[in-house]
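Chain residues, written in single-letter form:
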Amino acid sequence: MNVPSSDCLPARVRRPDSLDEEYRTFVRRTKGVFSAFPRLEPMRQFLFKDLFVGGLEATATDHAKRWLRPLIRRRHTRGLVERADVLLWLESEREVIYASLLPVKNELERLGCDIAAVAYGVRSEIVGNALQFAFPGRAIPLGWAKRAWDGLCDVLAWKPRRGSKGLFLRECAVTEAMTDELARLLDAIRPAATVSAATNLPGGAALAVLSRERGMDSFVLQHGITQVFYTPLLAGSMVTWGQISVEDMAALGVARDRLLPLGSPRHDGMGVVANDGARSRLRLALRVPDRPTFVFFSNGNDLVRNGDAPRICAEWLADAGERLGNQWNLVVRLHPKEDGSLYSGRFGLHVSRSATVDLETVLAGCDAAGSLCSTALFEALLFDKPVMHFDRDDFPLLAQNWRRGLAIRISSGGDLQASLNALVPDRIPAEARAGTPFGHRSEVFANHGAAARTIAEHLKGCLSHG
């Protein structure tokens with residue numbers, strides 16, 4: 001499909017299916033501004049998605065919060081700050097983030113490394129005795145903020161909405177306060193290396209920038225399917241799940257010598273132990289009949305980037321539910337940030353939230369899995385399940401799985417029904433369960449079962465050579 005260049009699209013008129021390309025253009029045009037004002041980096045995603053694309057403006061509530069914040073938020077980071085070899089940054093209570101980092105922390109401690117774990121927005125019951133990051137409020141940013149705003153408007157030829165500048169200045173003040181507190185911690189802990197799991201989050205971005213300024217090694221662990229919003233690579237190195245992710249990031253312009261295919265700690269335990277009771281547990285948790293179960297991992301959480309594709313997928317699923325509902329349990333597992341409205345009134349589908357049953361039980365207990373761009377497209381391989389990648393020619397390019405022989409392509413409702421019909425006899429024969437060749441696992445998940453240990457050993461090696 002030929003998509004008009006983002007250079008030709010005015011800031012207020014956009015095609016959803018060109019968002020990734022538009023982000024590339026945004027990165028290229030603003031490179032000089034971000035270089036001149038590195039403290040903008042934690043705001044990159046906010047600038048692009050909320051201000052440039054979304055046209056967000058400050059409300060009366062935003063203005064009130066800006067001036068009240070310094071009066072309400074006065075706390076600094078809590079906990080004993082001590083010298084450590086590695087600073088581990090735990091940001092967000094999304095399981096994909098902290099479950100990528102905590103196994104590495106345990107392995108580093110086993111190897112005798114001193115670790116400073118710092119939690120930002122993560123409860124202590126999840127991260128234990130980690131330092132609880134906090135910073136005092138600030139309302140007025142330094143003078144660089146207005147110069148940065150003028151620079152962005154200039155290079156983007158952007159005429160923002162009237163209230164966007166006020167929102168930008170508010171965020172600059174917050175970001176500056178956060179960065180100052182993080183800099184204070186880094187100077188006190190003086191780690192040789194820093195590790196995070198997302199530099200597209202504000203704290204992870206600030207950590208990467210500050211680490212670079214101080215000459216510290218910095219690493220970011222891949223936490224989801226590779227995408228353009230993981231670029232530019234801010235950390236010194238990215239630890240990817242495997243060689244396939246290296247190829248994806250290299251195609252996005254990241255130098256290969258900065259990409260380390262060491263594996264995914266979060267997936268070390270997945271698919272390793274047989275889980276014969278998972279099918280019954282899944283059926284009981286979802287309250288579905290005793291028949292083959294297909295689970296669709298929905299991506300209706302981001303309709304700006306994903307465009308109309310999630311709605312079309314929902315139509316294919318609903319049609320399959322009407323025609324095959326007496327042969328299959330068709331289950332939709334919502335993204336944690338999805339409200340489920342795409343599936344409202346669509347009969348024949350069992351809609352489930354992620355909290356209903358854990359991911360491993362779902363993948364071990366289902367008979368086939370599918371998605372538009374969920375990490376489940378990869379994770380199902382660990383359980384030898386047939387994988388269906390929903391992708392039509394006019395969909396945004398969100399994943400490459402079927403093109404690499406890692407999944408069956410579903411490009412229409414008819415494709416979905418034919419693929420499900422092919423699996424029904426004998427309740428999914430053993431040979432059909434291996435949806436992709438076993439050898440692909442090592443390309444997707446390097447060092448599976450030992451990724452946390454491999455990453456920790458690599459980090460310790462970097463410390464000894466530092």
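Refer to the structure above for everything that follows.
Along each chain, residues carry numbers from 1 onward, in the same order as the chain's sequence is written. Only residues with pLDDT of at least 70 get local features here, since the model is predicted, and only at 80 or more are side-chain atom pairs given and counted; chain-wide, interface and lining totals rely on the full set of residues. Only hydrogens and water are removed before side-chain values are computed, so all heavy atoms of the structure are retained for them.

(A) Just the packing of aromatic side chains, in detail. Aromatic rings from Phe, Tyr and Trp, taking only the six-membered ring of Trp, are treated as a pair when their centres fall within 6.5 Å; an angle between ring planes under 30 degrees marks them as stacked, one over 60 as edge-to-face, and anything in between as tilted. Per the stated rule, a full pass over the model turns up 22 aromatic pairs. Residues tryptophan 89 and tyrosine 120 carry aromatic rings whose centres are separated by 5.8 Å and whose planes lie at 50° to one another, so their mutual orientation is tilted. Here the residue tryptophan 89 occupies a position in strand S1 (residues 86-91), and tyrosine 120 occupies one in strand S2 (residues 115-120), the gap between them amounting to 31 residues. Per-residue accessibility, obtained with a 1.4 Å probe over protein chains only, is compared with the maximum for each type, and a residue is labelled buried under 20%, exposed over 50%, and partly exposed between these values. The exposure class of tryptophan 89 is buried, given its relative accessible area of 1%. On the basis of an interplanar angle of 50° and a centroid distance of 5.9 Å, the ring pair of phenylalanine 133 and phenylalanine 135 is categorised as tilted. In this structure, phenylalanine 133 and phenylalanine 135 share a single accessibility class: buried. For a lysine, the NZ atom is tested; for an arginine, the CZ atom; a charge sits over a ring if that atom is within 6 Å of the ring centre and within 35 degrees of the ring normal. Residue placement shows arginine 44 over the ring face of phenylalanine 34; its charged tip is 3.9 Å from the ring centre. Taking NZ or CZ as reference, lysine 49 lies 4.3 Å from the ring centre of phenylalanine 229, over its face. Where helices and strands are cited, they refer to DSSP runs of H or I of at least four residues and of E of at least two residues respectively, numbered from the N terminus.

(B) Geometry of unusual backbone geometry. Each neighbour pair has its own omega, and for threonine 231 with proline 232 the value is -5°, a cis peptide bond. Summarising the element assignment, proline 232 is placed in the loop between strand S5 (217-221) and strand S6 (237-240). Its identity is not glycine, yet arginine 190 carries a phi of approximately 50°, on the positive side. Structurally, arginine 190 can be placed in the loop between helix H7 (164-189) and strand S4 (193-196). Overall, the relative accessible area of 49% leaves arginine 190 in the partly exposed class.

(C) Fine view of empty space enclosed by the protein. Here a cavity denotes grid points, spaced 1 Å and computed from the protein atoms alone, that fit a 1.4 Å probe unable to get out, and a pocket denotes an open set having protein on both sides within 12 Å along at least 5 of 7 lines; residues with an atom within 4 Å of a point are the lining. Grid points are joined across faces, edges and corners, and a volume is the space filled by probe spheres set on the points. Here the structure, examined in full by the defined rule, presents six cavities of 30 Å³ or more. Its volume calculated, the largest cavity comes out at about 80 Å³. Residue lining of the largest cavity: Ala197, Ala198, Thr199, Asn200, Val220, Leu221, Gln222, His223, Phe229, Tyr230, Leu233 and Met238, and that is the complete set. Each residue gets one of three labels, nonpolar for Ala, Val, Leu, Ile, Met, Phe, Trp, Tyr, Cys and Pro, charged for Asp, Glu, Lys and Arg, and polar for the others, Gly among them. Residues that form the lining of the largest cavity fall into these classes: eight nonpolar, four polar and no charged.

(D) Layout of the side chain of glutamine 417. Take glutamine 417: it is sitting in helix H15 (residues 413-423). Residues in contact with glutamine 417, not counting those within four places in the same chain, are Asp319, Ala320, Arg323 and Leu324. Any two residues whose heavy atoms approach within 4.5 Å at even a single point are treated as in contact.

(E) Region of interest: helix H6 (residues 144-155). Here a helix's expected span is defined as the number of its residues, less one, multiplied by 1.5 Å. When the terminal C-alpha atoms of H6 are compared, their 16 Å separation across 12 residues agrees well with the 16 Å that a helix rising 1.5 Å per residue should span. By the burial criterion, the buried members of H6 are Trp144, Ala145, Ala148, Trp149, Gly151, Leu152 and Cys153. If you follow the buried residues of H6, they end up packed against helix H1 (19-36), helix H2 (44-53) and H7. Remark: alanine 157 follows H6 within two positions and exhibits a positive phi of approximately 50°.

(F) Just the sheet that holds S6, in detail. When DSSP locates at least two bridges between a pair of strands, those strands are taken to pair. Reading across the sheet, the seven strands line up as S3-S2-S1-S4-S5-S6-S7 and stay open at both edges, with parallel pairing between neighbours. Among the strands making up the open sheet, the edge pair consists of strand S3 (131-132) and strand S7 (259-261). Pairing of S2 with S3 involves two bridges; the strand directions are parallel. Across the sheet, alanine 119 pairs through a bridge with glutamine 132, a residue of S3. Across the face of the sheet, helix H4 (residues 95-110) comes into contact with S1, S2, S4 and S5 while running at roughly 155° to S1. A fitted line through C-alpha atoms serves as each axis, taken over the contacting stretch for helices, and the angle formed by two N-to-C directions is quoted from 0 to 180°.

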